[in-house]
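Listed below, chain by chain, are the residues.
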Amino acid sequence: MSNGHQSHTSLTNQSFFAAIMRRRAWPVVLFAILSFGFMAGPALGTANYVYHEQDGTSDNPAGHDYDGATDGASYLGRTTVYAGEYLGVRVKVQYQGYVDTTKLWYTTDGSTPTVAGGTEVSLNWEADGTGDPVPQVWGKTDAIPPQTVGTVINYIIASYHSGGGDWIYANGGDDTLHNEDTEATVFSTTVVEPTVPYSEDFSYDDGVDLDGVKGWGVETTTGSVIATNATAQLIDATLTNAFSDAQTSVTIAFALQPQFSDDAPTIPDDATYAFYVKTNGLITAYHGTTPSNLTHTALSESSFTNIEIDVDYVWSEWSLRVGATEVATDFPFYSSSNSAFKELVFIESSTNASYIDTVDVIAGPTPATTTATVTTTTATPTTTTATVTTTTATPTTTTTVGVTTTTTTAAVVKALPLVEGFDDYSSGDDLDGKFPTGYDDNTWSATDVVVTNNPFQAGTLSAALTTESASMVQTFTEGETDVWTDLYLQPVFGEGDASVTDPPSDASFAFYVHTNGQVVAFDGSTETQLVHTALVEGQWARFTVNSDHSGGAKTWDLYLNGNPTAIATGLDFVDPTAASYTEFGIRGAGAETAVVDTINIDTTGPTLTTTTAGVTTTTATPTTTTAGVTTTTATPTTTTAGVTTTTATPTTTTATVTTTTATPTTT
């Protein structure tokens, strides 16, 4: 890789003068050898010091601060370098006479490098400083080639004059001269994968190939990804960066100057999300695997637009902002198998250039992993978002991150009622992609949810959420405002945990079961312990919620075990702005398996009697944890209705009913 600097040609050697004095009849010849600039101390061409360090504690020897840096910052070696990235090295040399050679020797097997036992690399002269004696800057941006993750690179550095004088080894600011490689300071760098937070501004020399720079990898046959004007230029190529810390919630921000295309790209099967920009400047984003045209201010092929993507791996959802405007909210992942942020990918399949600038990846808010809530959020089912990537990421058309849209197009109509008893499937089936008989458009989007025959409440089967991050979601598109949600859960009791005491701020309603067997419901944001016959942990309980999103009501009622007398009425929504019922979801909670059965969602109320419902169960163990039910609406103002269960502690689950509005923060 070129570093953009010319190698400095050999400096003029010190002048040597020989005066031969002869006297007649004197056979003796005297030689007087004079050395220009000769002074006591090190021999001709020997450096006063060679300065390089890694800890930043030694003072930068006076005389020259390269590129305006102070306190030795320009001469700090990195203690870590990304996999696939070159390790650059810079040193400062001050000499009594000219120094024309600076080298380093490195090893990658953990051993201590020596002149005889290391790979030799010549550094380049970069600049002369000012001062007396004169300092020089030597360096090389690609001094040590890319290595694999886990490799420990050890290196030593030394300078001398090829015409004579000692090698002097870098010593991290120590004023004592070291002229043996065994006295050299050994600098050590470990090769790692990038972690969050991560920032990249592409401030490299124009034309630098970005393959191997700061963790970036480039895949192309005939194209390229290079730095230009402090941006990344992509032509018919894929730019990737792998991350090692497995974040479950991230926000990805970058500036994008795309290429437009009306041709749908080829999306990698394991993509978390994806989008591209059509010729009208609007983004088409993927809602699951379904492309959705978004509505927003059109992008331009000749200027940059700021893009932000929120990715929640617990709920398997992502949201997209163009500038400051959210244009896609809580879209399900393209691939439901992704559980953590692993890779950032930009794909440009055109032979015309797209540009990326100022990439920032930060950790998002920690998703609540123990609550399962029934939520409603506003989120127009007609628009879906897809973002740049994590684990594979963006369509192959035009810009690697794709943004796209044409006009808001409506998706398949998903209407109420919904009846689900899980008896249309087989025990052991993955619930993702399944739909109950007679409800072909009501396909479950599910992660880590399997059909089970033990326990079940009715029929022979139920749904088991097998991990904390498990989820199952149904969406509805008709904007119903008076909805009844009826389902059976086996709650595990809990108290005092933020997972149950802090429902989502955009929830319509939420509740959980206290350790004393009493339901705790949220009246607005206030917890209220209800009065009823105490529930028994490990037994099925029937929860029925009537949520009224119409007009100025924004209230909900809760019925328990089929009793027609509500245990709570007129409770305020947690979020009073919820407008309609558009999503129903259940999320796992706690370390144990949560189960749910016999779900009915309709605009008319179910039959309620004084008899206890849900005793028919063949539960093998009474320890089953929570299952969360959540419904969300998709219009910015809509609220949510939903029932949900959550775990309060790793061993206990809580049943909470929650509804949320479709704000960017919806879980």
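Basis of the calculations
Residues numbered from 1 in each chain as written. Predicted model: local features only at pLDDT ≥ 70, side-chain atom pairs only at ≥ 80, totals over all residues. Heavy atoms only, no water. Helix = DSSP H or I, 4+ residues; strand = E, 2+ residues; numbered from the N terminus. Buried < 20%, exposed > 50% of the residue type's maximum accessible area, 1.4 Å probe, protein only. Contact = heavy atoms within 4.5 Å. Areas by Shrake-Rupley, 256 points an atom, 1.4 Å probe, with all protein chains shown as cover. Salt bridge = Lys/Arg side-chain N within 4 Å of Asp/Glu carboxyl O. pLDDT = per-residue confidence, 0-100. Polar contact = N/O pair within 3.5 Å; in protein donor to acceptor, adjacent residues only side chain to side chain. Pairing = 2+ DSSP bridges. Axes fitted to C-alpha atoms, helices over the stretch in contact; angles between N-to-C directions. Lys, Arg positive; Asp, Glu negative; His and termini not counted. Phe/Tyr/Trp six-rings, centres within 6.5 Å; stacked < 30°, edge-to-face > 60°.

Novice: How should I be thinking about the overall build of the protein in this particular structure?
Specialist: When its secondary structure is counted, the protein shows one helix and 44 strands. Burial statistics for the protein: of 667 residues in total, 54% are counted as buried. For the protein, restricting intrachain contacts to residue pairs at least 6 apart in sequence, the fraction spanning at least 24 positions comes to 72%. By element, 50% of the accessible surface of the protein is carried by carbon and sulfur atoms, the whole surface being about 25,800 Å².

Novice: Can you walk me through the pattern of salt bridges in this structure?
Specialist: Pairing is possible between side chains that carry opposite charge, provided their charged atoms lie close to one another. Per the counting criterion, the structure on display carries seven salt bridges. The partner of Arg321 in a salt bridge is Glu308, with the nearest N and O atoms 2.8 Å apart. Highlighted residues: Arg321 in strand 23 (residues 317–322) and Glu308 in strand 22 (residues 305–312), separated in sequence by 13 residues. The exposure class assigned to Arg321 is buried, which follows from its relative accessible area of 13%. Look at Glu308 and you get partly exposed, because its relative accessible area is 29%. The network of salt bridges with common partners includes Glu308, Asp310, Arg321 and Glu326.

Novice: Is there a simple way to explain the confidence of the model for the protein in this structure?
Specialist: In regions of low pLDDT, the predicted coordinates are not meant to be interpreted in detail. Mean pLDDT over the protein works out to 74, with 70% of the residues at or above the 70 mark. Across the protein, the element-wise mean pLDDT spans from 31 in strand 1 (residues 16–21) up to 96 in strand 16 (residues 231–235). The model gives residues 611–667 a pLDDT under 50, and that stretch makes 364 contacts with residues more than four places away or in other chains.

Novice: Just to check I follow, could you spell out the environment of Thr220 for this structure?
Specialist: Tracing the sequence through the fold places Thr220 in the loop between strand 14 (216–219) and strand 15 (224–228). Separated by 19 residues in sequence, Thr220 and Leu239 place their C-alpha atoms 9.0 Å apart. Not counting residues within four places of it along the chain, the set of residues in contact with Thr220 comprises Ile235, Asp236 and Ala237. Within polar-contact distance, the side chain of Thr220 engages the backbone nitrogen of Gly223 at 2.7 Å. Only 2.8 Å separates the side chain of Thr220 from the backbone oxygen of Asp236, close enough to count as a polar contact.

Novice: Is there a simple way to explain the sheet that holds strand 35 (residues 526–529) in this structure?
Specialist: Strands belonging to one sheet form pairs held by backbone hydrogen bonds; the direction of such a pair is parallel or antiparallel. On the basis of which strands lie adjacent, the open sheet formed by three strands has the order 33-34-35 and antiparallel pairing. Bordering the open sheet on either side are strand 33 (511–513) and strand 35, each of which pairs with just one other strand. Recorded for the sheet is a direction-independent mean angle of 25° between the axes of neighbouring strands. Pairing analysis gives three bridges linking strand 33 to strand 34 (residues 519–523), with the strands arranged antiparallel. Bridge pairing links Val513 to Val519 in strand 34.

Novice: Can you walk me through the environment of Gly110 in this structure?
Specialist: Along the chain, Gly110 turns up in the loop between strand 6 (101–107) and strand 7 (119–122). A relative accessible area of 46% means that Gly110 is categorised as partly exposed. In this structure Gly110 touches Val152 and Asn154, once residues within four positions along its chain are discounted.

Novice: I'm lost on the sheet that holds strand 8 (residues 124–128) in this one. Help?
Specialist: Here we have four strands laid out as an open sheet, ordered 3-5-9-8, and antiparallel in their pairing. The open sheet has two edge strands, strand 3 (47–51) and strand 8, and neither has a second partner. The sheet shows a mean angle of 25° between the axes of neighbouring strands, taken without regard to direction. Inspection of the sheet shows strand 8 paired to strand 9 (residues 135–144) by four bridges, in the antiparallel sense. Note on strand 9: the bridge partner recorded for Asp128 is Gln136.

Novice: How should I be thinking about the side chain of Glu200 in this particular structure?
Specialist: You can see Glu200 is positioned in strand 13 (residues 198–200). The side chain of Glu200 is buried and forms no salt bridge, while Lys214, the nearest opposite charge, is found at 4.6 Å. In terms of polar contacts, Glu200 uses its side chain to reach the side chain of Tyr204, at 2.9 Å. Sequence-distant contacts of Glu200, that is, excluding residues within four places in its chain, are made with Lys214, Trp216, Thr358 and Val359.

Novice: Hey, could you run me through the packing of aromatic side chains in this one?
Specialist: A ring pair, where both rings are aromatic, is described by two values, the distance of the centres and the angle of the planes. Summed over the entire model, instances satisfying the criterion amount to 23 aromatic pairs. Judged by centre distance (6.3 Å) and plane angle (40°), the ring pair of Trp105 and Tyr169 falls under tilted. Of this pair, Trp105 sits in strand 6 while Tyr169 sits in strand 11 (residues 164–169); the two residues are 64 residues apart in sequence, bridging distant segments of the chain. Ring geometry for Tyr198 against Trp216: centres 6.1 Å apart, planes inclined by 75°, an arrangement best described as edge-to-face. Here the residue Tyr198 occupies a position in strand 13, and Trp216 occupies one in strand 14, the gap between them amounting to 18 residues. Taking the relative accessible area as the measure of exposure, Tyr198 reaches 3% and is therefore buried.

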